Amino acid sequence: ITTFGSTGDGISFSGTGFSYGNITGNRIFINSSGTGIILNGYNHTLSDNRITTLGSGGEGILIGSGSDGIVFFNMVVNASDSGTNDTLFDSDSIGTYNFTNVTFTGGKVGFVSTSNATQHVHWYVDALANYTNGSLAPNSNISARDVNGAFRFNVLTGSDGRIIRQSVLEYT
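Position numbers for residues count from 1 along each chain, tracking the sequence in the order it is written. Where local features are concerned, this predicted model is filtered to residues with pLDDT of at least 70; where side-chain atom pairs are given and counted, the filter is 80 or more; whole-chain, interface and lining totals use all residues. For side-chain calculations, the full set of non-hydrogen atoms in the structure is used, while hydrogens and water are omitted.

Peer 1: Would you mind going over the layout of surface pockets with me for this structure?
Peer 2: Using a 1 Å grid laid over the protein atoms alone, points where a 1.4 Å probe fits but cannot get out form a cavity; open sets with protein on both sides within 12 Å along at least 5 of 7 lines form a pocket; any residue with an atom within 4 Å of a point counts as lining. Grid points are joined across faces, edges and corners, and a volume is the space filled by probe spheres set on the points. The volume enclosed by the largest pocket comes to roughly 210 Å³. Along its surface, the largest pocket is lined by Val-125, Ala-144, Arg-145, Asp-146, Val-147, Asn-148, Arg-152, Phe-153, Val-168, Leu-169 and Glu-170. The set of elements that each furnish at least two residues to the lining of the largest pocket consists of strand S14 (141-145), strand S15 (151-156) and strand S16 (166-171). We count a stretch as a helix when DSSP gives it H or I for four or more residues in a row; a strand needs E for two or more, and each element gets its number in order from the N terminus. The leading source of residues in the lining of the largest pocket is S16, at three residues.

What follows is the structure in structure tokens.
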């Protein structure tokens, strides 16, 4: 999806009562002051999208008033203008929003002062256990602790020396 002109949004879920939408596999390029994705409503799932906005005032993702329970997976969001946010939580956005394996290229996430939203950012952990000679280490225990020393997970490797992918919280 590419927009041109002075304004133009990529995808917009707007209006009240809109729920359980899925936005998957899009490349959204906003060459104006429009927003990549505008979300209102509840329980949407967004995955495997790449969003780039170039214009001033063009947020990558705008989470609208009254939204809640939206999850994001495997995305890249880049609002390249210095005055815009990769993600902006608008007034009266509420609840918890989980971003797993989502890169905010500009590193800018904003919250309007009346937002009651909480953002959780998670990353995937994949691990392979092997011996110094390079052979696989099946049924090995892999444990992880966070930067504060708190225990996060404990799993055994499979016959291929790998663990099942884990999701770990980076920050809230």
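Let's pick the thread back up.
Peer 1: Explain the side chain of Glu-59 to me, please; I cannot follow it from the model alone.
Peer 2: With respect to the helices and strands, Glu-59 occurs in the loop between strand S7 (50-53) and strand S8 (61-63). Buried charge Glu-59 goes without a salt bridge, the closest partner of opposite sign being Lys-108 at 7.5 Å. When residues no more than four places from it in sequence are discounted, the contact partners of Glu-59 are Gly-34, Thr-35, Gly-36, Thr-53, Ala-79, Thr-84, Asn-85 and Leu-88. Only protein chains enter the area calculation, which uses a 1.4 Å probe; residues under 20% of their type maximum are buried, those over 50% are exposed, and those in between are partly exposed. Counted charges follow a simple rule, with Lys and Arg positive, Asp and Glu negative, and His plus the chain ends left uncounted. Salt bridge, as used here: a side-chain nitrogen of Lys or Arg that lies within 4 Å of a carboxyl oxygen of Asp or Glu. Throughout, a residue-residue contact means that at least one pair of heavy atoms, one from each residue, lies within 4.5 Å.

Peer 1: Any chance you could explain the pattern of salt bridges here in plain terms?
Peer 2: Side chains bearing opposite charge may pair, as long as their charged atoms lie close to each other. Here the structure, examined in full by the defined rule, presents two salt bridges. Across the pair Arg-165 and Asp-126 runs a salt bridge, and its minimum N-O distance is 3.1 Å. Residue Arg-165 is located in the loop between S15 and S16, and its partner Asp-126 is located in the loop between strand S13 (116-125) and S14; the two are separated by 39 residues in the primary sequence.

Peer 1: Help me out: how do you make sense of the sheet that holds strand S12 (residues 109-111) in this one?
Peer 2: Think of a sheet as strands paired side by side through backbone hydrogen bonds, with each pair either parallel or antiparallel. The pairing criterion is simple: DSSP has to find at least two bridges between the two strands. As summarised here, the arrangement of the five strands in space is S2-S5-S8-S10-S12, forming an open sheet in which the pairing is parallel. Strand pairing shows two members of the sheet lacking a second neighbour, strand S2 (11-13) and S12, which therefore form its edges. Shown here is a sheet whose adjacent strand axes are inclined to one another by a mean of 10°, direction ignored. Where helices are involved, their axes are fitted lines through C-alpha atoms of the stretch in contact, as for all axes, and angles between N-to-C directions lie from 0 to 180°.

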